[in-house]
Amino acid sequence: MLLAAPSRPTGRAALWASAAAVGAALMLSGALVAPAAHAADPANYTGIVLGVASNETQRTVSWYTSADTSQVVQLAPTSAVVNGQFVASVTTFAATGAANVSTTGYNRHAVLSGLQENTQYSYRVGSDGNWSPTYSFKTQSFEGDFDFLFFGDPQIGSSGNVAKDGAGWADTMNVALTANPNAELLVSGGDQVETANTEPQWDAFLAPDQLRQYPWAATIGNHDVGGKAYEQHFYTPNTDYSSAYYKDPTKTATTSGGDYWYIYKDVLFIDLNSNSYDSANGGGDAAHVQYVTDVVNQHGADAKYTVLVYHHSIYSAADHAKDADNKVRRVDFPTTFSKLGVDLVLQGHDHVYTRSYEIKNGEKANPAEQPGQNDVFVGEGGVIYMTANSASGSKYYDITAPDTSGTTGAGNGPDPLKPSDYWYNSVQNQEHVRSYVKVQVRADQLVVEGIRSGTCDAPNAAVEQGKVSWCGTPGSSTAVDGVGSLIDSVTIHPFHGDGQDIQVDVPPQAPGEFGWTIDGQNGLVDLGTAEEKGDYFEATGEINPISVTDTRSSLAPWSLTSVLGDFKDGDKTFSARYLGWTPKVVTDGAGATAGASVSSGYDTGDGLAVSRVLGSAAQGHTKGSALLGAALDLKLPTETAKGSYRATLTLTALAG
């Protein structure tokens, strides 16, 4: 298929074939518009959510539907959607799914692949004549820096008021995405809802339209795990649904689970179902450790950072700090994470903001690191653990006090540098104010910020409903600071060993262009007066030289062809077949080779009355410019009427 975007020629009587080629491409794409199947009955589509897929060139879309019919996702560049109609350049992705478990209706999902960078896309789900509203999302550069946002425990319904929880969640999404419109991922800390199969809670969680514009990287929390709704609402990539990754391996048909991974730009994300920790009944922590080890060994070299995400905060500071399962994981996980070079661990569950010191093998790596230190230069095996506070305001846990159980491993002892805090935490914060975490991924640092998305004012369900007795500074009802203000900021500088890592960014190759033009003035090609040579007339000459330039990075083939119209003088005419030529490359370049010689039709054949190649180049040719010419040879029967005849040689460029 010929799809180059060459410059438009300026030559007389030129025909630019690329336009026709593009038109053909559009028609071909249009053939993909037809959906996979026709719905017998109109279907409703709810809970539509965009998700992460295996890499930055893909997204997933999941939804609920009222009908068990074949459904698809239609996707097109937004620029190709006219008056809401997907009229061209549409790609169709078939959806799969099944009947919901424990809830009515059906679920569907599809993986959108082959996305182009820096492109605004529109999409809708459904089938022919029965579509959802149209939504959109934008891809950005597939290389380099990017930001993602991390949200802890929306847990819609946990305050006892779904509407208030949903209002706080929607406000956090508005605040976060308004402040960070170019964020590329929304990463979950788990506990999307209070009770696993309660669909009104899922409706409130999925209500913000940002969840159809930015991919949600779902994480399963302990409140999501008790039913199939989590797996039905989210389709996650590279997911291992082995029983070892379920809370109860005997109930994989009625509960949700799975560990998964994906690579987005230079970050390898690994998401664990930390609800599976009972080693006596299944894989537990050992299975997760093996999963992380396998994924890092297989894919770690493909990314510059490794970020783990799971729900249960092992270095928490509030109600769950001393949970028995957390203390076990605080022994099971850290040494492996240090050994594998994990950079950052994101967690939820405890509804409080914490940032750990640099932790290596389950101990504070650098005794000199100060509380709240804003720059951390981690050494080999150093890992930072973050816990996110509530993103919806539905529930907050207050910070608890350390004990005397020690300052390593499973211990919950005090920080020698700040005895009111746990030994492992550089920052602990609880204001009973909604917040989120912003992570800036840069070439040689991760910048992590805790950011307030609300104040003590509504929407703040836990405060509104008296679930907590104060807000802002402990004991008061005055917010510490306003929306968008920082709770904490730290720049994490990765470890580079004893050597020196060297990086260079290579920009994309300029696309270049293909074009041709008449070289110099396009004067009349005058063959003069034909000479009688026995039983025919003959005239010769040269075409005006043609300059061809090809600087395209694709090094794709090109050709320049021509066809001649009949010679005319008033009502007199003779056939174009009597003109022949011998093409030649006047000046080498652009991989140009001359076309084959064509005899005058007086001797044999159709001459230039049919399309002939003046010059061409094969795939992989050199870039540059060439000058093409051709010697003309006209032979006419002596019976041709006297006259001053003219014809037009039409040139056509084809660029692959």
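Every value quoted in this text rests on a predicted model; they were computed, and no experiment measured them.

What counts as what
Numbers given to residues run from 1 along each chain, matching the order in which its sequence is written. Since the coordinates come from a predicted model, pLDDT governs what is reported: local features require at least 70, and pairs of side-chain atoms require 80 or more to be given and counted, while whole-chain, interface and lining totals use all residues. Hydrogen atoms and water are omitted, and side-chain values are computed over all heavy atoms in the structure. The secondary structure listing takes helices from DSSP runs of H or I that are at least 4 residues long and strands from runs of E that are at least 2 residues long, numbered from the N terminus. Three exposure classes are used, based on accessible area relative to the maximum for each residue type with a 1.4 Å probe and protein chains only: buried under 20%, partly exposed in between, and exposed over 50%. In this analysis, two residues are considered to be in contact whenever any of their non-hydrogen atoms come within 4.5 Å of each other. Every accessible area reported is derived by Shrake-Rupley at a probe size of 1.4 Å, with residue values counting cover from the shown protein chains alone. None of His or the chain ends enter the tally, which takes Lys and Arg as positive and Asp and Glu as negative. Charged side chains are reduced to one point each, which is NZ for Lys, CZ for Arg, CG for Asp and CD for Glu. The predictor's confidence in any single residue is recorded as pLDDT, a number from 0 to 100. We call a set of buried residues a nonpolar core when its members are Ala, Val, Leu, Ile, Met, Phe, Trp, Tyr or Cys and they connect through side-chain atoms within 4.5 Å of each other. For this analysis, a polar contact is any N or O atom pair within 3.5 Å, provided that within protein one partner can donate a hydrogen and the other can accept it, and provided that sequence-adjacent residues contribute only side-chain to side-chain pairs. Interaxial angles span 0 to 180 degrees and are taken between N-to-C directions of axes, which are lines fitted to C-alpha atoms, for helices over the stretch in contact. Comment on the angle field: the value is read as roughly parallel under 35 degrees, roughly antiparallel over 145, roughly perpendicular from 65 to 115, and oblique elsewhere. In this scheme, a crossing is called left-handed if the near helix is turned counterclockwise away from the far one by less than a right angle; it is called right-handed if the turn is clockwise. Whenever Lys or Arg places a side-chain nitrogen within 4 Å of a carboxyl oxygen from Asp or Glu, that contact is recorded as a salt bridge. Paired strands, as defined in this entry, are two strands with at least two bridges between them according to DSSP. Disulfides are defined as cysteine sulfur pairs within 2.5 Å. For Phe, Tyr and Trp, where Trp contributes only its six-membered ring, two rings pair if their centres lie within 6.5 Å, and the inter-plane angle classes them as stacked under 30 degrees, edge-to-face over 60, or tilted in between. Only lysine NZ and arginine CZ atoms are considered, and such an atom sits over a ring when it is within 6 Å of the ring centre and within 35 degrees of the ring normal.

Chemist: Explain the overall build of the chain to me, please; I cannot follow it from the model alone.
Modeler: Along its length, the chain carries 8 helices and 44 strands. Dimensions of the chain, computed from the C-alpha atoms along their principal axes, are close to 120 × 65 × 50 Å. Expressed as a percentage of the 656 residues in the chain, the buried residues total 54%. Taking contacts inside the chain between residues at least 6 apart in sequence as the whole, the part at least 24 apart equals 74%. Of the roughly 26,400 Å² of accessible surface on the chain, a fraction of 50% belongs to carbon and sulfur atoms. Across the chain, the centroid of the 39 positively charged side chains sits 5 Å from that of the 70 negatively charged ones.

Chemist: Sorry, what's going on with the confidence of the model for the chain here?
Modeler: The predicted coordinates should not be examined in detail at positions where pLDDT is low. Averaged over every residue, the pLDDT of the chain is 91; residues scoring 70 or more account for 94%. Scored below 50 in pLDDT, residues 1–39 shows 71 contacts in the model against residues more than four places distant or in partner chains.

Chemist: Can you walk me through the nonpolar core in this structure?
Modeler: Considering soluble globular proteins, one finds that nonpolar side chains tend to be buried as a cluster. Within the largest apolar cluster, 63 residues are counted, with the highest numbers of intra-cluster contacts made by Phe-269, Ile-270 and Leu-344. Ranked by residues supplied to this core, first place goes to helix α5 (residues 284–299) with 6 residues. Those residues in contact with Ile-270 that sit more than four places away from it in its chain are Tyr-260, Trp-261, Tyr-291, Val-292, Val-295, Val-296, Thr-306, Val-307, Leu-308 and Val-309. Of all hydrophobic cores here, the second largest spans 33 residues; its members include Leu-527, Ile-543, Ala-626 and Ala-653.

Chemist: Just checking my understanding: could you explain the side chain of Glu-231 for this structure?
Modeler: Within the secondary structure, Glu-231 is located in helix α4 (residues 229–233). The exposure class assigned to Glu-231 is buried, which follows from its relative accessible area of 19%. A polar side-chain atom of Glu-231 sits 2.8 Å from a polar atom in the side chain of Lys-228. For Glu-231, the residues in contact, after removing those within four places along its chain, are Tyr-241, Tyr-246, Thr-255, Ser-256 and Gly-257.

Chemist: Help me understand the packing of helix α2 (residues 162–179) against helix α3 (residues 199–206) in this model?
Modeler: The relative placement of two packed helices comes down to the angle between their axes together with the axis-to-axis distance. For the pair α2 and α3, interaxial distance at closest approach is 8 Å and the crossing angle is 20°. Judged by the inter-axis angle, α2 sits roughly parallel to α3. Seen along the crossing, α2 lies across α3 with a hand that is right-handed. Two secondary-structure elements touch here, α2 through Val-162, Gly-166 and Trp-169 and α3 through Pro-200, Gln-201, Ala-204 and Phe-205.

Chemist: Hey, could you run me through the pattern of salt bridges in this one?
Modeler: Pairs can form between side chains of opposite charge once their charged atoms are near each other. The full count for this structure, using the stated rule, is 18 salt bridges. Between Lys-584 and Glu-542 there is a salt bridge, and its shortest N-O distance comes to 3.1 Å. With a gap of 42 residues between them, Lys-584 in strand β40 (residues 579–587) and Glu-542 in strand β35 (residues 536–542) connect regions that are remote in the sequence. Judged by relative accessible area, which is 33%, Lys-584 ranks as partly exposed. The exposure class of Glu-542 is partly exposed, given its relative accessible area of 41%. When salt bridges with common partners are traced through the structure, they connect Asp-145, Asp-147 and Arg-442 into a single cluster.

Chemist: Whenever I open this one, the sheet that holds strand β27 (residues 425–429) confuses me. Can you help?
Modeler: Strands in a sheet are paired, the pairing made by backbone hydrogen bonds, and the direction either parallel or antiparallel. In spatial order, the strands read β16-β17-β18-β19-β24-β20-β27; together these 7 strands make up an open sheet with mixed pairing. Strands with a single pairing partner mark the edges of an open sheet, and in this sheet they are β16 (260–264) and β27. The average angle at which neighbouring strand axes cross in this sheet is 15°, direction not considered. When β16 meets strand β17 (residues 267–271), the two strands line up antiparallel, connected through 5 bridges. The partner of Tyr-260 across the bridge, within β17, is Asp-271. Running over the sheet, α5 touches β16, β17 and β18 (305–312) and is turned about 160° from β17.

Chemist: Sorry, what's going on with the state of the cysteines here?
Modeler: By definition, a disulfide is the covalent link that joins the sulfur atoms of two cysteine residues. All told, the structure shown has 1 disulfide when counted by the stated rule. Bridging Cys-456 to Cys-471, the disulfide has an S-S length of 2.1 Å. Between Cys-456 and Cys-471, the disulfide has an S-S torsion of -95° and is therefore left-handed. Linking Cys-456 in the loop between β29 (445–452) and α8 (461–464) with Cys-471 in strand β30 (residues 471–472), this pair joins segments that are 15 residues apart in sequence. With a relative accessible area of 12%, Cys-456 lands in the buried category. Since its relative accessible area comes to 1%, Cys-471 is described here as buried.

Chemist: Please clarify how α3 should be interpreted in this entry.
Modeler: It helps to recall that an α-helix has 3.6 residues per turn; residues three or four apart then point in one direction. α3 sits mainly inside the fold: 6 of its 8 residues count as buried. Turning to α3, its buried residues are Glu-199, Gln-201, Trp-202, Ala-204, Phe-205 and Leu-206. Where α3 is buried, its residues touch β2 (45–52), β3 (59–65), α2, β15 (216–217) and α4.

Chemist: So what exactly am I meant to see when it comes to the packing of aromatic side chains here?
Modeler: Any two aromatic rings considered together are summarised by their centre-to-centre distance and by the angle between their planes. Per the counting criterion, the structure on display carries 32 aromatic pairs. Here the aromatic rings of Phe-146 and Phe-148 are separated by 6.2 Å at their centres, their planes lie at 35°, and the arrangement is tilted. With a relative accessible area of 3%, Phe-146 lands in the buried category. Judged by centre distance (5.4 Å) and plane angle (70°), the rings of Tyr-230 and Phe-234 are edge-to-face. The class of Phe-234 is buried, set by a relative accessible area of 5%. Of the aromatic side chains, those joined through ring pairs into one cluster are Phe-151, Trp-169, Trp-202, Phe-205, Trp-216, Tyr-230, Phe-234 and Tyr-436. Residue placement shows Lys-364 over the ring face of Tyr-357; its charged tip is 3.7 Å from the ring centre.

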